[in-house]
Amino acid sequence: MPTSPISSPDRRGRAIVVGYGSIGQRHARLLDAAGCDTMVVSARENGDFFTVRTVEDAIDRDPSTYVVVANETARHRETVDRLIAGGFAGTVLVEKPIFDTARPAAVNEFRRLLVAYNLRFHPVLMRLRELLAGEEAVSASVYIGQYLPDWRPGTDYRLSYSAHRAAGGGVLRDLSHDLDYTLWLFGRWKRVAAIGGQLSTLEVDSDDVFALLMRTERCPVVTLQLSYLDRMPRRQVVVNTQRHTFAADLIAGTIVVDGVIEKFAIDRDTTYRAMHDAILDGDMGTVCDVDAALEVLILVEGAERAATDGNWIDR
């Protein structure tokens, strides 16, 4: 097992990653590469990072300034409560969605409570937000889809948290990245109608398809479709303003404005790396805070009520 991390003068401080599934492994790897002495909290041993079994053990052993909560969504609130009980007073980044319900969080003595909506750091979305400044948006269409069995190669999708509503799975919560950046681009939602649920033959008990129709502060017509079913992964945003049409493709790394294409270089770690760098450098302008993250969950719960009742839900 690696020895307990000891900060050296040329490092960027200490970090704790809670959970060592695929996303926890990514966070730990990127924090180490960013210059943080990194510890993992997990019941599973690993040969890469010093590992302890509980949040309390991690806090007692290492007075870190940065904790990333990357375990199952259904355990996020419990983990945050344990950090509070342990007296942690640094920065906490919680994987999306922040919790499984929109009940507010007790920020307590944390320096900051943030949420890992890293797609805000996607260069295509950052460019789209820049281009939309000063534009009057008329309509926006957001489409997100990827076949769930292909998400985590080498694993059985039926055993993943995505497949189980009780673990925080389902497209509305699993793909809440796209709800977050939609609100980030177009402002708070005002009304929502929705339809969806567990509609396919996938062996899941969580919602696998959802469609939302919204009015937001800065756009009168916004549609979103989220799906576990697309054999060809897609993540696209099309916006019509009074003057232009913008088509953003996050997977291809392109944005097209009235037929003129702009291309961006991106790899699978680009957005995570940029997010961690911003947090470590204290640049919070793009990072999602707890209030914005709870707004996403309020939208999720509003969409679920709209789909169940067949009615518009007002914010």
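Preceding this paragraph is the structure being described.
Draft legend 1. Summary view of the sheet that holds strand β8 (residues 189–197). The 9 strands lie next to each other as β14-β13-β12-β11-β7-β10-β9-β8-β16, forming an open sheet whose pairing is mixed. Bordering the open sheet on either side are β14 (260–263) and β16 (313–314), each of which pairs with just one other strand. Both β8 and β16 contribute to a ladder of 2 bridges, which runs antiparallel. The partner of Arg191 across the bridge, within β16, is Asp314. The strands touched by helix α8 (residues 290–309) are β8, β9 (209–216) and β16; relative to β8, the strand with the most contacts, the crossing angle is about 55°.

Draft legend 2. Just the pattern of salt bridges, in detail. A full pass over the atoms with the stated rule returns 19 salt bridges. Residue Asp269 pairs with Arg29 through a salt bridge whose shortest N-O separation is 2.9 Å. With Asp269 in the loop between β14 and α7 (270–280) and Arg29 in helix α1 (residues 22–33), this residue pair connects regions lying 240 residues apart in the sequence. A salt bridge links Arg188 to Glu295; the nearest nitrogen and oxygen atoms lie 3.5 Å apart. One end of the pair, Arg188, is in the loop between α6 (176–186) and β8; the other, Glu295, is in helix α8, with 107 residues separating them in the sequence. When its relative accessible area of 40% is taken as the criterion, Arg188 is described as partly exposed. Of the residues examined, Glu295 reaches a relative accessible area of 10% and is grouped as buried.

Draft legend 3. Molecular detail of the pairing of strand β11 (residues 234–241). Residues of β11 alternate between two faces, with Arg235, Val237, Val239 and Thr241 buried on one and Arg234, Gln236, Val238 and Asn240 left unburied on the opposite face. Where β11 lies against strand β12 (residues 245–249), 5 bridges are found, and the strand directions are antiparallel. What sits directly across from Val239, in β12, is Phe246. Hairpin remark: β11 followed by β12, antiparallel, with 3 residues in the connecting loop.

Draft legend 4. Structural context of the nonpolar core. Ranked by size, the top nonpolar core spans 77 residues in total, and within it Ile98, Tyr181, Leu212 and Leu226 carry the most contacts. In terms of residue count, α8 provides more of this core than any other element does, 9 residues in total. Excluding residues that lie within four positions of it along the chain, Ile98 makes contacts with His76, Leu113, Val115, Val290, Ala293, Leu294 and Leu297. Listed in part, the 21 residues of the second largest apolar core include Val68, Leu93, Phe121 and Ala278.

How each quantity is defined
Residues numbered from 1 in each chain as written. Predicted model: local features only at pLDDT ≥ 70, side-chain atom pairs only at ≥ 80, totals over all residues. Heavy atoms only, no water. Pairing = 2+ DSSP bridges. Helix = DSSP H or I, 4+ residues; strand = E, 2+ residues; numbered from the N terminus. Contact = heavy atoms within 4.5 Å. Axes fitted to C-alpha atoms, helices over the stretch in contact; angles between N-to-C directions. Salt bridge = Lys/Arg side-chain N within 4 Å of Asp/Glu carboxyl O. Buried < 20%, exposed > 50% of the residue type's maximum accessible area, 1.4 Å probe, protein only. Core = buried A, V, L, I, M, F, W, Y, C linked by side-chain atoms within 4.5 Å.

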